[in-house]
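# Notes for the structure review
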Amino acid sequence: METVLNVLLIRFGIIAAIVVVVGLAGFALIVSLRRRGKGERVREGAATLAKTAARAMDRRGARGMRGRVGGEVVRQAARWLDEDPGRKRSGR
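These numbers come from a predicted model, not from an experiment. (Residues numbered from 1 in each chain as written. Predicted model: local features only at pLDDT ≥ 70, side-chain atom pairs only at ≥ 80, totals over all residues. Heavy atoms only, no water.)

### Brief notes about the overall build of the protein
Within the protein, the secondary structure is distributed over three helices and zero strands. Of the regular secondary structure in the protein, the N- to C-terminal order runs α-α-α. Counting the 92 residues in the protein, one finds 15% classified as buried. Split by element, the accessible area of the protein, about 7,900 Å² in all, is 64% carbon and sulfur. (Helix = DSSP H or I, 4+ residues; strand = E, 2+ residues; numbered from the N terminus. Buried < 20%, exposed > 50% of the residue type's maximum accessible area, 1.4 Å probe, protein only. Areas by Shrake-Rupley, 256 points an atom, 1.4 Å probe, with all protein chains shown as cover.)

Spelled out as structure tokens, the structure:
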């Protein structure tokens, strides 16, 4: 029994470490893109991707509770990326 718990604890530690490393890498990427002035272009790409995912989930029907929640999250993300009032818009 103790061996099983040790294996589970080690597995949890490895998964937690991977999540932390991926989060730090994503944060570093975002900071790097903002410093180079390419943050707006990435944001527009993410908005397009979120809209496409929302349309695909709507088309598929998104059965079950997990699908409905995921579809709503994607739609809200697309709306937020598209209509953020705090960012500067070029050409306006």
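Next comes the rest of the description.
### Details of a nonpolar patch on the surface
On the surface, a cluster of nonpolar side chains totalling about 430 Å² of accessible area is made up of Met 1, Val 4, Leu 5 and Leu 8. Tracing the backbone shows Met 1 in the segment before α1 (2-36). Take Met 1: its relative accessible area is 77%, and that puts it in the exposed class. (Patch = residues over 30% accessible without salt bridge, like charges linked within 9 Å, V, L, I, M, F, W, Y side chains within 5 Å. Salt bridge = Lys/Arg side-chain N within 4 Å of Asp/Glu carboxyl O.)

### Here's the deal with the UniProt feature "transmembrane region" (unreviewed entry) in the protein
Mapped onto the present numbering, the UniProt feature "transmembrane region" (unreviewed entry) falls at residues 12-33. The annotated region residues 12-33 carries 100% helix and 0% strand content, and the separation between its end C-alpha atoms amounts to 32 Å. (UniProt positions renumbered as here; feature names shortened; annotations may be inferred.)

### A look at α1
The end-to-end C-alpha distance of α1 is 51 Å, a good match for the 51 Å that 35 residues give at a rise of 1.5 Å each. Burial analysis of α1 places just one of its 35 residues in the buried class, a small minority of the element. Positive backbone phi, approximately 80 degrees, marks Gly 37, located one or two places after α1. (Expected span 1.5 Å × (residues − 1).)

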